[in-house]
Structure formats: C-alpha cells, structure tokens
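Chain by chain, the residues:
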Amino acid sequence: MKKLSLLLFVTLLAISCSSKKEEAVQEVIKPIKTAKAETKSLISKNYAGVVVSDQTTTLAFKVGGQVINKAVRTGDQVKAGQLLVELDTRDLDLQHEVNRSAYVTAKSQYERYKRLLEKGAVSQQDYEIAETNYDKARGALDNSENKLKDTKLYAPFAGTIENTFVSEYQEISIGEPILRLVNTEQFYVQFNLADYSLQALKKGKPEFFVKFGNISNRYYKASLREYTDISTDGTGIPITVWVDDPEFNNVIKPGFSCDVKVDFYFEDNNGSIVVPITAVFVDFQTGKTCVMVVNNNIAKKREVVVRQLEGKDYAEITQGLEVGETVVTSGAVTLKDGQKVKVIN
C-alpha cells in the first residue's frame, strides 16, 4: 500500500513539473525589432555623402620649357590671377626678335608695294605676294608673343593648391600636368541614390537636408543640383545638391563626409501607408499576407492588403494597418499570435 502511495505521489509530481515547464516555455519573451507604419505621403531615407569642389582643374602649359620659378606649394591659398609657375623664356625671346624683324621688313615692303600699285608701278601679282608675306610675318609675330605669354601660369580662380607635379629647373612638355587647383569656397554634396529609388526621386518631390557630423549635429537645407538617370558603374544614381540654407556657415572643405537625408513627398496618397518590407510575411496555414502588430509588448498577427512595393525597402499597405502602429521587422514569421515580446531597437 505504501509503495502504491509513493508511486502515485511521484507520478503527480512529474505531471506538475511538466505542466510548469510548459508554462515556462509559454512565458518566453522574444526580443524583436520594430518600426512605425508611416503614411505614403512622406518617406525619409538617409545616404552617405561627400563634399566636392564646384571648381577643380589641373593646369598645364601650352608651351614646353624649363621651370625657373615655382611660386606656390601644395596647400597654398591663391587669388585669381596670381602667378603660379614660370618657364625660362630665353629661346622664345630670340625667336620673338627674329619674327619681329621679319614683320617690320614685310610690313614696310607691303606698304611700299601698295603705294606703287596705286601708281601702276608694280603688278597685281607682286602686290599680292607682298601682302601674303606681310600676313605670314604678322602671324608669326603674334604666335611668338602668345608663346611668351604662355610661359607664365596664372590662377584662373581663387582656391587652394591641392597638389603640384613639377619642381624648379625641371624640363616639362606641352600639356604636362603642373598643379591641381581647387576652389574650396564653392562646393556641392554628392551621394548615390539606389537605382530602385529613381521613381521616388522623379515623383516624390524630394526635399534634401545635409548634416556635417564633424561640424554640428543639425541638418541644413539643400537644393537639387543635378542627377543622371543611369548608373554606369553599378553603384547607384549619382546625385548632387547645393547647401543653400541661410543659417549654414561654410567651414567645410572638399573631401569632408556628411549625412544626406531625403524626404520624399507624394501627392497621390489614397489612404495607404508603408512599412519595411521585412515586416510582411505570408501565413503558411491561411496563405494570407500578414504583419505582426505590437501593442503593450504583445505581438498580434494581422492580415493586410499589399498594393505594391516601394522599391526594395518598403511595402505599401492599403488595408489592415493604421498610421503610427508598430510592426515587427525582424523574425515576424517565427512569432506566435499573442506572444509576449521585448522591443530592442
């Protein structure tokens, strides 16, 4: 009898422990990530940008020769019209004198033949030969004068010498890169937009904002400068914007990194909202499209209607959700209806 009672007690204890384990399993709280359902009239996205100078040029000489005066170094600030580099002019000076003497002679002969032609003392052919020689001599003189002018390299605009490629007394060739000049006062911001967001750019009436984390922690208004609707290298659609916020104090330089926020506004909002595409899943039992809505740390399954996808990041919902509701964006398909969760965004 005692053995029977002991066996019954052990059995009841095992059942009790099993029940408690099941309850413990049911009470497991799963960590999740969530997002808010937003109206389709506004979608915000962030991109990594870089500051690019609006004026950048590599300067070179139109003539060859020896560098005798390198007036600037890398990092120097220069003004528009400032002398940068100068070449030796001795050979060109000699050629210029030869051309000038030939020009004086040809001009004198041309003027004399012109007077003689009026008197009928020379033929029309002789006069035309003199005129041709005069034109050639004048062209040669002009060319030598231009070459002398081209031995001096001036800054076409104010800026900073980003790099120099030659040294004094070095022989350089025509068109050889001499230095690189960058305008550090006029700039724009460049970033790449994912190709699937191109339609949003065209239809979404975007507003641009730029934040320079190393300068301040606020966004400044910017305006679209230009973009192309192709991506030749597969990195996205190149977009450039001007920072034209009147409160912006230009203390940045080309090469600085920044954060670009784009607000896409849509006028064709028909009551639909958008959620991250990772929030949407198909219920394998019913075949219905669903999301997990979180309220008071409880995840509830809800059927929704998806009209179309907004690129690769968002799904457009026409029924089943309200603006501002919280949906699970990671692991929604593994949750049970009514399961307790913990948001870890």
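Preceding this section is the structure that the text describes.
Draft legend 1. Geometry of the overall build of the protein chain. A count of helices and strands for the protein chain gives four helices and 25 strands. The 345 residues of the protein chain split such that 34% are buried. Of the contacts formed within the protein chain by residues at least 6 apart in sequence, a portion of 74% connects residues at least 24 apart. For the protein chain, the computed accessible surface area is about 20900 Å², with 51% contributed by carbon and sulfur atoms.

Draft legend 2. Spatial organisation of the packing of helix α2 (residues 90–119) against helix α3 (residues 124–149). Look at α2 against α3: their axes get within 8 Å of each other, and the N-to-C directions meet at 155°. Our classification of the angle between α2 and α3 gives roughly antiparallel. Considering only the axes of α2 and α3, their crossing is left-handed. For the contact of α2 with α3, a count of residues per class yields 14 nonpolar, six polar and nine charged.

Draft legend 3. Here's a closer look at α3. In a regular helix each residue adds 1.5 Å, so 26 residues correspond to 38 Å; α3 covers 38 Å between its end C-alpha atoms and thus fits that length. Tyr 127, Ala 130, Tyr 134, Ala 137, Leu 141, Ser 144 and Leu 148 are the residues of α3 that are buried. Taken together, the buried residues of α3 touch α2 and β9 (152–154).

Draft legend 4. The sheet that holds strand β8 (residues 83–87), seen in detail. Sheet architecture is open: four strands sit in the order β9-β8-β6-β11, paired in antiparallel fashion. The open sheet terminates on both sides in strands that have one partner only, identified here as β9 and β11 (171–172). Relative to β8, strand β6 (residues 65–70) runs antiparallel, the two being bridged by three bridges. Across the sheet, residue Asn 69 finds its bridge partner in β8, namely Glu 86.

The rules behind each value
- Residues numbered from 1 in each chain as written.
- Predicted model: local features only at pLDDT ≥ 70, side-chain atom pairs only at ≥ 80, totals over all residues.
- Heavy atoms only, no water.
- Helix = DSSP H or I, 4+ residues; strand = E, 2+ residues; numbered from the N terminus.
- Buried < 20%, exposed > 50% of the residue type's maximum accessible area, 1.4 Å probe, protein only.
- Contact = heavy atoms within 4.5 Å.
- Areas by Shrake-Rupley, 256 points an atom, 1.4 Å probe, with all protein chains shown as cover.
- Axes fitted to C-alpha atoms, helices over the stretch in contact; angles between N-to-C directions.
- Parallel < 35°, antiparallel > 145°, perpendicular 65-115°, else oblique.
- Left-handed = near helix turned anticlockwise from the far one by under 90°.
- Nonpolar A, V, L, I, M, F, W, Y, C, P; charged D, E, K, R; others polar.
- Expected span 1.5 Å × (residues − 1).
- Pairing = 2+ DSSP bridges.

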